[in-house]
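The primary structure of each chain is shown beneath.
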Amino acid sequence: MNILGIESSCDETAVAVYSDAGLLSNVIASQTVHRRYGGVVPELASRAHQQSIWGVTEQALEEAGLQLKDIDAIAVTNGPGLMGALLVGLCFAKGLALSLGKPIIGVNHIDAHIYANFIESKPEYPFVSLIVSGGHTRLVLVRGFLDHVLLGDTRDDASGEAFDKTAKILGLPYPGGPEMDRRAREGDRKFVKFPQALLSEGYEFSFSGLKTSVLYHIEAIDEPERAAYLEKNMNDLCASISEAITEVLTKKTRRALKEHGVKDLVLAGGVSANSMLREKMTALGTETGVRVHIPKPVYCTDNAAMIAVTGYYKAKSGQFDELVSLEPFASQTA
Ligand code: KG4
Ligand code: ZN
């Protein structure tokens, strides 16, 4: 069985093929048009998806050594994400499915981040998953394939937003997360003790206070010295911010592992590419004896391999969608 996976929920146009033999191809076109605006501009994202989706699909097929006629089903992200961006991928997928006479499978983008772990690893159910992306920060108990119990969500910013927004305050280029990661590796994590919110409150997360605290810290430095202060201490500030974010994530995950007594922990989403988080979660695995699954960075950030693999398992369990009634959805709160 060959599944074509299509992802267009935000600013990556991505297509991949997953088959009985595993992942055959994984092509990602990252949109650079947003850089000068310091964030994703939805309308520009939709247009860029339209321009590249066919070329990316052709390349994914070519790299897989397949033709359209060899595809057995089309899996496509139908939410959550930017509505216009989702529509481009979904309409394209529907057109392909209709013309090929093949079934369509709608894939939830957040779920797909979790199942990205099945590309190279075999987590055993039940497991705890920490989903950390630009839009979500969640702890989930996964009892079986797509059988999820939400343990806790963020009340405000997602952890990816916490990285991106604090990076912006420091004057780092967008997207701030990877840049902050790079600089934090060279910095002193104890330089400033930034707040770790809601530590005593279950599995809820809050990162907006951190953003304010970083802003106040910078504004407390007199204007004439601020630029020099930032330049001199940038790596230490990045390390201190990363420490605050990753400590909260690690402490809450430790609690969830203990409470649910699972043997596997699964990291998911763009922020799981972060080296400090990877290091802390690996150490948590050693401390607790829990097997820790972390996708390689290319499967952490947005990609279509995760859509194709989730679609593959949905197809295996007969979970197809109706071509006409499959609709996009912008947000998902639970
Ligand atoms: O999962 P993802 O690619 O897209 C969403 O579904 O949101 O996550 C994107 C987020 C961005 O906030 C980005 O800054 C963050 O993941 N990110 C990182 C790193 N790589 C990506 N944050 C910290 N360290 C990284 N290495
Ligand atoms: Zn994502």
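Our subject is the structure that appears above.
Computed from a prediction, not measured in an experiment: that's the story for all the values here.

A. Quick peek at the overall build of the protein. When its secondary structure is counted, the protein shows 10 helices and 10 strands. In terms of overall size, the protein behaves like a compact globule, its C-alpha atoms giving a radius of gyration of 20 Å where 334 residues would be expected to give roughly 20 Å. In terms of principal-axis extent, the alpha carbons of the protein reach across some 65 × 45 × 30 Å. Out of the 334 residues belonging to the protein, those deemed buried represent 53%. In the protein, the proportion of contacts linking residues at least 24 apart, taken out of those at least 6 apart, comes to 74%. Here the protein has roughly 14200 Å² of accessible surface; of this, 51% comes from carbon and sulfur atoms. Counting 33 positive and 41 negative side-chain charges, the protein places the centres of these two groups 4 Å from one another.

B. Local environment of the sheet that holds strand β7 (residues 137-144). An order of β8-β7-β6-β9-β10 is seen for the five strands of this open sheet, with the pairing classed as mixed. Two strands in the sheet have a free side with no partner beyond their single neighbour: β8 (147-152) and β10 (291-293). Strand-to-strand twist across the sheet, computed as the mean angle between neighbouring axes with direction ignored, equals 25°. Where β7 and β8 come together, five bridges link them in antiparallel fashion. From the neighbouring strand, Val-142 faces β8, where its bridge partner is His-148.

C. Geometry of the packing of helix α4 (residues 159-170) against helix α7 (residues 223-260). Contact pair α4 / α7: the axes reach a minimum separation of 11 Å and the direction vectors enclose 165°. Classified by the angle between their axes, α4 and α7 sit roughly antiparallel to one another. Here α4 and α7 pass one another in a crossing that is right-handed. In this structure, α4 uses Ser-159, Ala-162, Phe-163, Thr-166 and Leu-170 to contact α7, whose residues at the interface are Leu-230, Met-234, Leu-237, Cys-238, Ile-241, Ser-242, Ile-245 and Leu-249.

D. Spatial organisation of the coordination of the zinc ion (ligand 2). Of the protein atoms, only His-109 (NE2), His-113 (NE2) and Asp-302 (OD) coordinate the zinc ion (ligand 2), at distances of 2.0 to 2.1 Å. On the primary sequence, the residues serving as donors to the zinc ion (ligand 2) are separated as H-x3-H-x188-D. A residue pair is termed a helical-turn pair when its members lie 3 or 4 positions apart in one helix, as His-109 and His-113 do in helix α3 (residues 109-115) at four residues. Considered together, His-109 and His-113 belong to a single accessibility category, that of buried residues.

E. Highlighting α4. Taking 1.5 Å per residue as the helical rise, α4 with its 12 residues ought to reach 16 Å, and the 17 Å between its terminal C-alpha atoms agrees with that figure. Of the residues making up α4, those classed as buried are Ser-159, Gly-160, Ala-162, Phe-163, Thr-166, Ala-167 and Leu-170. Looking straight down α4, one finds its buried side chains confined to an arc of 160°; they lie on one side. Buried-residue contacts for α4 involve β6 (127-132), β7, α5 (176-184), α6 (208-219) and α7. Positive backbone phi, approximately 90°, marks Gly-171, located one or two places after α4.

F. View of the environment of Ser-25. Mapping Ser-25 onto the fold places it in strand β3 (residues 22-30). Classification of Ser-25 as buried rests on a relative accessible area of 4%. Sequence separation between Ser-25 and Leu-237 is 212 residues; the distance between their C-alpha atoms is 39 Å. Discounting chain neighbours no more than four positions away, the residues touching Ser-25 are Ala-16, Val-17, Ala-60, Glu-63 and Ala-64. Within the local environment of Ser-25, its side chain forms a polar contact with the backbone oxygen of Ala-60, the two atoms lying 2.7 Å apart.

G. The arrangement of the packing of α4 against α5 in detail. Between α4 and α5, the shortest axis-to-axis distance is 8 Å and the interhelical angle comes to 70°. By the criterion of interaxial angle, the relationship of α4 to α5 is roughly perpendicular. Contact with α4, carried on its side by Phe-163, Asp-164, Thr-166, Ala-167 and Leu-170, involves Gly-176, Gly-177 and Met-180 of α5 and no other residues of that element. The class makeup of the residues in the contact of α4 with α5 is four nonpolar, three polar and one charged.

H. Up close: α7. Its axis deflected by about 70° at Asn-233, α7 carries its strongest bend there. After α7 finishes, the residue Gly-261 shows a positive phi value of roughly 55°.

Definitions and limits used
- Residues numbered from 1 in each chain as written.
- Chains lettered and ligands numbered in written order.
- Predicted model: local features only at pLDDT ≥ 70, side-chain atom pairs only at ≥ 80, totals over all residues.
- Heavy atoms only, no water.
- Helix = DSSP H or I, 4+ residues; strand = E, 2+ residues; numbered from the N terminus.
- Rg over C-alpha atoms; globule rule 2.2 N^0.38 Å.
- Buried < 20%, exposed > 50% of the residue type's maximum accessible area, 1.4 Å probe, protein only.
- Contact = heavy atoms within 4.5 Å.
- Areas by Shrake-Rupley, 256 points an atom, 1.4 Å probe, with all protein chains shown as cover.
- Lys, Arg positive; Asp, Glu negative; His and termini not counted.
- Charge placed at Lys NZ, Arg CZ, Asp CG, Glu CD.
- Pairing = 2+ DSSP bridges.
- Axes fitted to C-alpha atoms, helices over the stretch in contact; angles between N-to-C directions.
- Parallel < 35°, antiparallel > 145°, perpendicular 65-115°, else oblique.
- Left-handed = near helix turned anticlockwise from the far one by under 90°.
- Donors = N, O, S within 2.8 Å, 3.2 Å for Na, K, Ca; no water.
- Expected span 1.5 Å × (residues − 1).
- Arc of directions from axis to C-beta.
- Polar contact = N/O pair within 3.5 Å; in protein donor to acceptor, adjacent residues only side chain to side chain.
- Nonpolar A, V, L, I, M, F, W, Y, C, P; charged D, E, K, R; others polar.
- Bend = angle between axes of the 7 residues up to and from the residue.

Honestly, it's all geometry; don't read function into it.
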